[in-house]
Protein chains: 2
Amino acid sequence: MAIKALIFDVFGTLVDWRSSIAHEAKMLLSPLGLSTDWHAFADDWRNEYQPAMEKVRSGQRGFCKLDELHRGNLDIVLERLGWQQVDEATRQQLNLGWHRLDQWAEVQQGLTRLRQQFVLAPCSNGHIGLMVNLARHNHWHWDAITGAEIARDYKPQAIVYQASAAALGFTTEETMMVAAHSDDLVAAARAGLKTAFIARPDEHGPGLGESVAKSPMDYSAADLMDLATQLGCA
Amino acid sequence: MAIKALIFDVFGTLVDWRSSIAHEAKMLLSPLGLSTDWHAFADDWRNEYQPAMEKVRSGQRGFCKLDELHRGNLDIVLERLGWQQVDEATRQQLNLGWHRLDQWAEVQQGLTRLRQQFVLAPCSNGHIGLMVNLARHNHWHWDAITGAEIARDYKPQAIVYQASAAALGFTTEETMMVAAHSDDLVAAARAGLKTAFIARPDEHGPGLGESVAKSPMDYSAADLMDLATQLGCA
């Protein structure tokens with residue numbers, strides 16, 4: 001069955017969250033006299049991401065927008081660093097750094113090519129408002145915003161992929177998940193979707209991201225431009 | 001409080017459903033030897049719209065995508081005309097006519113101006129997939145698709161306006177509903193939103209649409225270009 005829609009992981013696959021958050025943290029916290037390895041700060045913040053979502057996925061906590069999880073996780077990281085003096089306004093501003101993440105170099109052009117042939121939507125654990133802001137920041141044109149908020153659960157729960165395909169009006173077989181993370185794609189395949197792996201070898205620092213998929217995928221590409229070429233887009 | 005987001009009624013406000021459906025019906029049904037006043041056919045089909053949604057709003061029927069209501073309504077209209085011979089494939093094709101409605105002349109340019117300053121989303125009773133197809137057909141760039149499907153209820157229920165504003169990350173006061181129908185706007189105002197009335201005097205035939213709002217609105221405009229000018233958009 002022909003692929004009609006592509007749905008995308010965003011953090012890591014389309015945007016370089018690590019460099020962007022390190023930059024945001026440095027800009028907002030160093031004027032307060034604080035200093036650390038800002039990339040490690042970004043890693044520490046991101047490391048709280050899965051445990052926070054797991055509480056929702058397990059039913060221990062109700063669904064909430066990712067901003068709320070990010071904010072709780074930020075407070076944990078600041079506490080751990082002994083930086084309790086960071087004021088509320090700065091914390092709020094820094095938390096919105098996740099709405100201003102910069103894309104990997106080829107993304108805007110790659111999405112433009114892919115959109116000539118496919119319906120495109122993010123399928124992220126980020127909520128609709130965050131996705132709107134990232135799209136504006138990076139000049140992306142989504143057809144709709146799908147993902148966690150419309151499913152009221154977080155990836156890799158099958159419902160998130162399935163609800164995203166259904167919202168766009170396509171079957172899971174007509175929909176392909178595009179991501180730089182094998183576990184996301186394995187879960188999407190289990191939910192009935194096709195899969196495209198995008199190499200992001202530098203996501204977690206130089207050479208520390210996934211450069212090769214850990215299991216077989218329908219497509220594997222060096223980046224979105226390569227995927228567009230493999231899919232026959234002009 | 002400043003307006004940050006504009007959410008739009010679509011059928012009648014952005015697209016001329018009556019001319020488009022009359023054209024689609026003529027193209028698909030006249031080859032079968034059928035003939036009628038095709039604009040009256042469009043009116044008859046549209047007249048079944050509110051009664052069908054009322055079953056959902058009243059709780060008599062669960063939420064479903066508008067395609068399903070449109071299809072049931074089409075069958076009613078064909079039955080009433082004694083046109084039982086219309087085959088299943090033609091009915092399906094005609095029902096998808098609602099995904100190919102043509103916009104009023106200034107809409108694409110008006111939305112482009114408004115998007116320079118505001119987050120834009122449809123707030124229609126049409127579902128996400130239908131909105132995606134209308135946007136592609138008419139070359140619109142929405143930031144997200146809000147409306148009935150994310151609220152799992154139909155306008156004018158307050159939750160549809162409120163859930164749309166919340167999904168975009170704005171309060172109801174920061175969000176303005178834009179529509180050519182006073183009843184839609186009165187419901188939006190009751191739900192806490194700001195309101196902009198757009199005159200569409202020909203929606204139901206020449207001079208038979210609303211050209212003046214039936215109650216006071218925050219803005220009243222001749223069309224989207226006029227609204228963009230009133231809102232200070234370049």
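Residues numbered from 1 in each chain as written. Chains lettered and ligands numbered in written order. Predicted model: local features only at pLDDT ≥ 70, side-chain atom pairs only at ≥ 80, totals over all residues.

**Describing the domain arrangement of chain A**
All names here are of chain A. For clarity, the cut-off: Start and end points for every domain follow an automatic or database-based domain assignment. Our contact criterion uses C-beta atoms placed from the backbone: two residues qualify when those atoms are within 7 Å. Helix and strand assignments follow DSSP, with helices taken as H or I runs no shorter than four residues and strands as E runs no shorter than two, numbered in order from the N terminus. Lys, Arg, Asp and Glu make up the charged group, whereas Ala, Val, Leu, Ile, Met, Phe, Trp, Tyr, Cys and Pro make up the nonpolar group; the residues left over, Gly among them, are polar.
Partitioning chain A into structural domains gives domain 1 (5-16 + 103-230) and domain 2 (17-99). Each of domain 1 and domain 2 has a C-alpha centre, and these two points are 23 Å apart. Contacts between domain 1 and domain 2 engage 18 residues on the former and 14 residues on the latter. With three residues, helix α7 (residues 128-138) is the single largest residue contributor to the side of domain 1 that touches domain 2. Across the side of domain 1 that touches domain 2, the residue classes break down as five nonpolar, eight polar and five charged.

**Digging into the sheet that holds strand β2 (residues 119-124) of chain B**
Backbone-to-backbone hydrogen bonds join strands into a sheet, with any given pair of strands oriented parallel or antiparallel. Residues and elements named next belong to chain B. For the record, the criterion: One bridge is not enough; two strands pair if DSSP finds at least two bridges between them. Note on geometry: axes are lines fitted to C-alpha atoms, helical ones only across the stretch in contact, with angles between N-to-C directions running from 0 to 180 degrees.
One open sheet accounts for six strands, arranged β3-β2-β1-β4-β5-β6; its pairing is parallel. Each having just a single partner strand, β3 (146-147) and β6 (219-221) make up the two edges of the open sheet. In this sheet, strand β4 (residues 175-179) lies alongside strand β1 (residues 5-8) in parallel orientation, the contact comprising four bridges. Along β4, the bridge assignment pairs Ile7 with Met177. Together, β1, β2, β3 and β4 form the strand contacts of helix α9 (residues 158-168), whose direction differs from that of β2 by roughly 155°.

**Considering the pairing of β4 of chain B**
All names here are of chain B. To keep it simple, the criterion reads: In this scheme the burial state of a residue depends on its C-beta neighbours within 10 Å: 20 or more other such atoms mean buried, 12 or fewer mean exposed, and anything in between means partly exposed; the C-beta positions come from the backbone. By definition, the crossover connecting two strands over a helix is right-handed if that path, from the first strand to the second, turns clockwise as seen with the strands pointing away from the viewer.
Burial within β4 is extensive, with five of its five residues counted as buried. The side-chain alternation of β4 yields two buried faces, one formed by Thr175, Met177 and Ala179 and the other by Met176 and Val178. Where β4 meets strand β5 (residues 194-198), four bridges bridge the pair, whose relative direction is parallel. Opposite Val178, over in β5, you have Ala196 as the bridge partner. Viewed along the sheet, the connection from β4 through helix α10 (residues 182-190) into β5 turns out right-handed.

**Overview of the interface of chain B and chain A**
Counting from both sides, the interface comprises 14 residues of chain B and, opposite them, 14 residues of chain A. Counting only elements with at least two residues in the side of chain B that touches chain A, the list comes to α7 (128-138), α8 (148-151) and α9 of chain B. For the side of chain B that touches chain A, the element with the most residues is α7 of chain B, which contributes four residues. Of the residues assigned to the side of chain B that touches chain A, the class counts are nine nonpolar, three polar and two charged.

**As for the sheet that holds strand β4 (residues 175-179) of chain A**
A sheet is described by the order of its strands in space; here six strands give the open sequence β3-β2-β1-β4-β5-β6 (chain A), paired in parallel fashion. Looking along the sheet, the strands with just one partner apiece sit at the ends: β3 (146-147) and β6 (219-221) of chain A.

**What about the relation of the copies chain B and chain A?**
Applying a rotation about an axis and a shift along it to one chain copy brings it onto the other copy. Inclusion rule: Here the copies were fitted onto each other by least squares, based on C-alpha atoms from residues at pLDDT of at least 70 in both.
Its rotation angle being 180°, the transformation that places chain B on chain A also includes 0.0 Å of axial translation and leaves an RMSD of 0.0 Å. Within this description, the copies of the chain are treated as partners about a two-fold rotation axis. Among all residues of chain B, the minimum C-alpha distance to the rotation axis is found for Ala144 of chain B, at 2.6 Å. Taken together, the interface assignments show that 100% of the residues at the interface of chain B recur at the interface of chain A, consistent with an identical surface on both copies.

**A look at the confidence of the model for chain A**
For the record, the criterion: Here pLDDT means the predictor's own confidence in every residue, given as a number from 0 to 100.
Per-residue pLDDT for chain A averages 97, and the proportion of residues at 70 or more is 100%. Scoring of the predicted complex yields 0.95 for pTM and 0.94 for ipTM.

**What about unusual backbone geometry?**
All names here are of chain A. Cis rather than trans, the peptide bond between Lys155 and Pro156 has omega equal to 10°. Among the structural elements, Pro156 can be located in the loop between α8 (148-151) and α9 (158-168). If you check the backbone angles, His139 has positive phi at about 60° while not being a glycine. Considering the arrangement of structural elements, one finds His139 in the loop between α7 and β3.

**Considering the environment of Leu185 of chain A**
Residue and element names in this part refer to chain A. With respect to the secondary-structure elements, Leu185 resides in helix α10 (residues 182-190). The class of Leu185 is buried, set by 30 C-beta atoms lying within 10 Å. The spatial distance from the C-alpha of Leu185 to the C-alpha of Thr195 is 5.9 Å, given a sequence separation of 10 residues.

**Brief notes about the packing of helix α3 (residues 49-57) of chain B against helix α4 (residues 66-80) of chain B**
Think of two packed helices as two axes; the pair is described by the angle between the axes and how far apart they sit. All names here are of chain B. This is how it is decided: Working definition: roughly parallel below 35 degrees, roughly antiparallel above 145 degrees, roughly perpendicular at 65 to 115 degrees, and oblique for all remaining angles. Left-handed describes a crossing whose near helix is turned anticlockwise from the far helix through less than a right angle; right-handed describes the clockwise counterpart.
Relative to each other, α3 and α4 sit at 130°, their axes nearing to 10 Å. When the axis of α3 is compared with that of α4, the two are oblique. When the axes of α3 and α4 are compared, the crossing they make is right-handed. Each of Tyr49, Ala52 and Met53 in α3 lies in contact with α4, whose residues at this interface are Leu69, Gly72 and Asn73. A class-by-class count of the residues in the contact of α3 with α4 yields four nonpolar, two polar and no charged.

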